[in-house]
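In case you want the letters, here they are:
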Amino acid sequence: MMAERSPRALSAAEKAALRDLLTAERASTVTRIATLTRAWDDIVGSSALVAVDDEHDPEGATIAFERAHIQALIDQAKGHLDNLEEAVERLRHDRYGICERCGNPIPVERLRARPVATTCVGCAKR
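Visitor: Mind laying out the overall build of the protein, listing which residues take part and the relevant values?
Guide: When its secondary structure is counted, the protein shows four helices and zero strands. Across the 126 residues that make up the protein, the buried fraction comes to 25%. Of the contacts made within the protein by residues no fewer than 6 positions apart, 57% connect residues no fewer than 24 positions apart. Carbon together with sulfur atoms contributes 55% to the accessible area of the protein, which is approximately 8,500 Å² in total.

Here is the structure:
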């Protein structure tokens, strides 16, 4: 029978540093979403002023591509924001830094590099 592993708890200093990192990354992500949303609004606004026929206008495909590209970046940033908020919740409930697959601790270095990580390095490689 395998002995159950007890994850190493993060120290108070590590928790504080990681909380600060999550808070800073959250603020940066919120700013990125706002910037991308303004860019998307600008594209939509400028194309609304002109009769754009995406199918026949040589610029139409570019405008449609830019709009779709920015929307994809907004969606990606919103997903990252959700992941950050989930990480903060895990930190609040002492589940942050514990691999969701194997239950082993996630190295602090990995959490610093990827604050939303939910798996240890071994499980992430699989």
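Visitor: Break down the pattern of salt bridges for me, citing the residues and quoting the values.
Guide: Two side chains bearing opposite charge may form a pair once their charged atoms approach each other closely. Under the counting rule described, the total for this entry stands at three salt bridges. In this structure, the salt-bridge partner of D94 is K15, at a minimum N-O distance of 2.4 Å. With D94 in the loop between α2 (60–92) and α3 (108–113) and K15 in helix α1 (residues 12–48), this pair connects stretches of sequence that are 79 residues apart. Its relative accessible area of 21% is what places K15 among the partly exposed residues. In this structure, the salt-bridge partner of E89 is R92, at a minimum N-O distance of 2.1 Å. One end of the pair is E89 and the other is R92, both in helix α2 and three residues apart, which spans about a single turn. Judged by its relative accessible area of 56%, R92 falls in the exposed class.

Visitor: Describe in detail the nonpolar core, supporting the description with residues and values.
Guide: Ranked by size, the top nonpolar core spans 15 residues in total, and within it L10, L22, Y96 and L111 carry the most contacts. Going through the elements one at a time, α1, α2 and α3 are the ones with two or more residues in this core. No other element matches the three residues that α2 contributes to this core. When neighbours within four sequence positions are excluded, L22 is seen to be in contact with L84, A87, V88, L91, Y96 and P115.

Visitor: So, the environment of A39: which residues are in play, and what are the values?
Guide: Mapped onto the elements of the fold, A39 is located in helix α1. Given the relative accessible area of 26%, A39 is considered partly exposed. Residues A39 and I70 lie 31 residues apart in sequence; the distance between their C-alpha atoms is 7.6 Å.

About the cut-offs
Residues numbered from 1 in each chain as written. Predicted model: local features only at pLDDT ≥ 70, side-chain atom pairs only at ≥ 80, totals over all residues. Heavy atoms only, no water. Helix = DSSP H or I, 4+ residues; strand = E, 2+ residues; numbered from the N terminus. Buried < 20%, exposed > 50% of the residue type's maximum accessible area, 1.4 Å probe, protein only. Contact = heavy atoms within 4.5 Å. Areas by Shrake-Rupley, 256 points an atom, 1.4 Å probe, with all protein chains shown as cover. Salt bridge = Lys/Arg side-chain N within 4 Å of Asp/Glu carboxyl O. Core = buried A, V, L, I, M, F, W, Y, C linked by side-chain atoms within 4.5 Å.

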